[in-house]
Each structure stands twice: as C-alpha cells, then as structure tokens.
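Overview (structure and organization)
Below are the chains, spelled out letter by letter.
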Amino acid sequence: MSSSDLQNLSNMNETRRLILKSAILAPLLPFSQLAGAALSGERKLSFYHTHTGEKLSVVYHDGSEYLADSLSDIDSCLRDFRTGDIQTIDPLLLDQLFALKRMTGSNGVYQVISGYRSPATNSKLRNKSSGVAKKSLHMQGRAIDVRLTGVDCANLRKAAVSLKTGGVGLYRKSNFVHLDTGRYRTW
C-alpha cells in the first residue's frame, strides 16, 4: 500500500468514527448544549403539590454534584399522593425544570399536578381517561405535570419544546404542561 492509500484509509476510518459518534450523540446534543449555560452553578427548585398542599424549596445540585438528601426530599414530595408510594425522580427531569425556570426568567414555584404514579394509580387513571399512557413515564419517575407560577402554560410549553429533550405536552383544558425524559415528541 502506498502512503496515499494509507492516508485515504485513515481518513475513511476517521469519517466512520465521526459518523458513529454523531449518531450516538445526536439525541443528547440539545440537552448537552443546554447544560453549558442553563445548568451552571447551584440548582434550586421550588414545588407546591396541588393535591397535598406540600411545599418544598431545595437546592438539589451544588454546582458540582447532585445532593442525595435533597433528591430524597424531592422523591418524597413528588410521590404518588394516592398510594404514598415513592420512586426515585430522574435528575434529568429536575434539570429540565431548572433550565426552564432560567429560560423563562421565572423565580416561580412549580405547581405539581402529577409526579410519580404507581402502576395501580396509572391503571385507575387510564380507566377514566384516554389521555393516560399505558406505559407512562410517570411510573418510572421520569415525568411530571406542572404549572410554573408567573409563566403562562403555553409559554412554558414553547420553552420546553425549544429544548428538544423528552416529551412535552400542553393540556389547555386542565392548564398544565407535561414534561418527561423519554424520546423527544410534542403534543
């Protein structure tokens, strides 16, 4: 093989690596881009659970790592209020909420309509409404239905859609936004 053949082979291998890397990283790019500015420094969220009346305001990330005690407090606040079951809430969901607060310029409180749902609760809700998914990400601690005080739900949805991460749905009649850490989709 000539040196030019070796160079071409090397370039082809590098191109393949770049294509593979792009294919793997593409779904992560919007959130990784977001991570730079919107997720720098201390991360704090405030919640008001509309069904239990519970309030929680907590720093869940100190700028270098997630805080286990704070995450536990969030898990408890966002529990299935019908059964009392607690599930670990996906930290990426919390980061989405934090990023949305920054993007909207809000210092408001997230009014929680639904956080974690046990399979039993999800099944009951599915029997009452066609809008409840059989394999809802709520059952994995990867979804939340919220309002953000001081921000119109349509604007919150618009900001969430711009992140291009997870599912984003606007429920106009009930006036809340669904967010999750599944594949990107909107409704």
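Structure first, text after, so check above.
A short tour of the structure in this document, coming up. Every value quoted in this text rests on a predicted model; they were computed, and no experiment measured them.

**What to know about the overall build of the protein chain**
In terms of helices and strands, the protein chain carries six helices and seven strands. Its helices and strands taken in sequence order, the protein chain reads α-α-β-β-α-α-β-α-β-α-β-β-β from the N to the C terminus. Here the protein chain holds 187 residues, and the buried ones make up 40% of them. Long-range contacts, defined as pairs at least 24 residues apart, comprise 58% of the intrachain contacts of the protein chain with a sequence gap of at least 6. Roughly 10,400 Å² of accessible area belongs to the protein chain as shown, and the carbon and sulfur atoms make up 52% of that amount.

**A word on the pattern of salt bridges**
A complete count under the given rule lists five salt bridges for this structure. The residue Arg79 makes a salt bridge to Glu54 at a minimum N-O spacing of 2.6 Å. Residue Arg79 is located in the loop between α3 (68–77) and α4 (91–104), and its partner Glu54 is located in the loop between β1 (43–49) and β2 (55–61); the two are separated by 25 residues in the primary sequence. Arg117 is paired through a salt bridge with Asp145; the nearest N and O atoms lie 3.4 Å apart. In this pair, Arg117 sits in the loop between β3 (110–114) and α5 (119–128) while Asp145 sits in strand β4 (residues 143–148), placing the two residues 28 residues apart along the sequence.

**Considering the side chain of Arg43**
Position of Arg43 among the secondary structure elements: in strand β1. We classify Arg43 as buried; its relative accessible area is 9%. A distance of 2.9 Å separates a polar atom in the side chain of Arg43 from a polar atom in the side chain of Asp95. In this structure Arg43 touches Val58, Val59, Tyr60, His61, Tyr66, Asp95 and Phe98, once residues within four positions along its chain are discounted.

**Comments concerning the environment of Phe81**
In this structure, Phe81 sits in the loop between α3 and α4. Linking Phe81 and Thr121, residues 40 residues apart in sequence, is a C-alpha distance of 9.5 Å. In this view, Phe81 contacts His49, His51, Thr52 and Ile113; residues no more than four positions away in its chain are not counted.

What counts as what
- Residues numbered from 1 in each chain as written.
- Predicted model: local features only at pLDDT ≥ 70, side-chain atom pairs only at ≥ 80, totals over all residues.
- Heavy atoms only, no water.
- Helix = DSSP H or I, 4+ residues; strand = E, 2+ residues; numbered from the N terminus.
- Buried < 20%, exposed > 50% of the residue type's maximum accessible area, 1.4 Å probe, protein only.
- Contact = heavy atoms within 4.5 Å.
- Areas by Shrake-Rupley, 256 points an atom, 1.4 Å probe, with all protein chains shown as cover.
- Salt bridge = Lys/Arg side-chain N within 4 Å of Asp/Glu carboxyl O.
- Polar contact = N/O pair within 3.5 Å; in protein donor to acceptor, adjacent residues only side chain to side chain.

As far as function goes, none of this settles anything; it's purely spatial.
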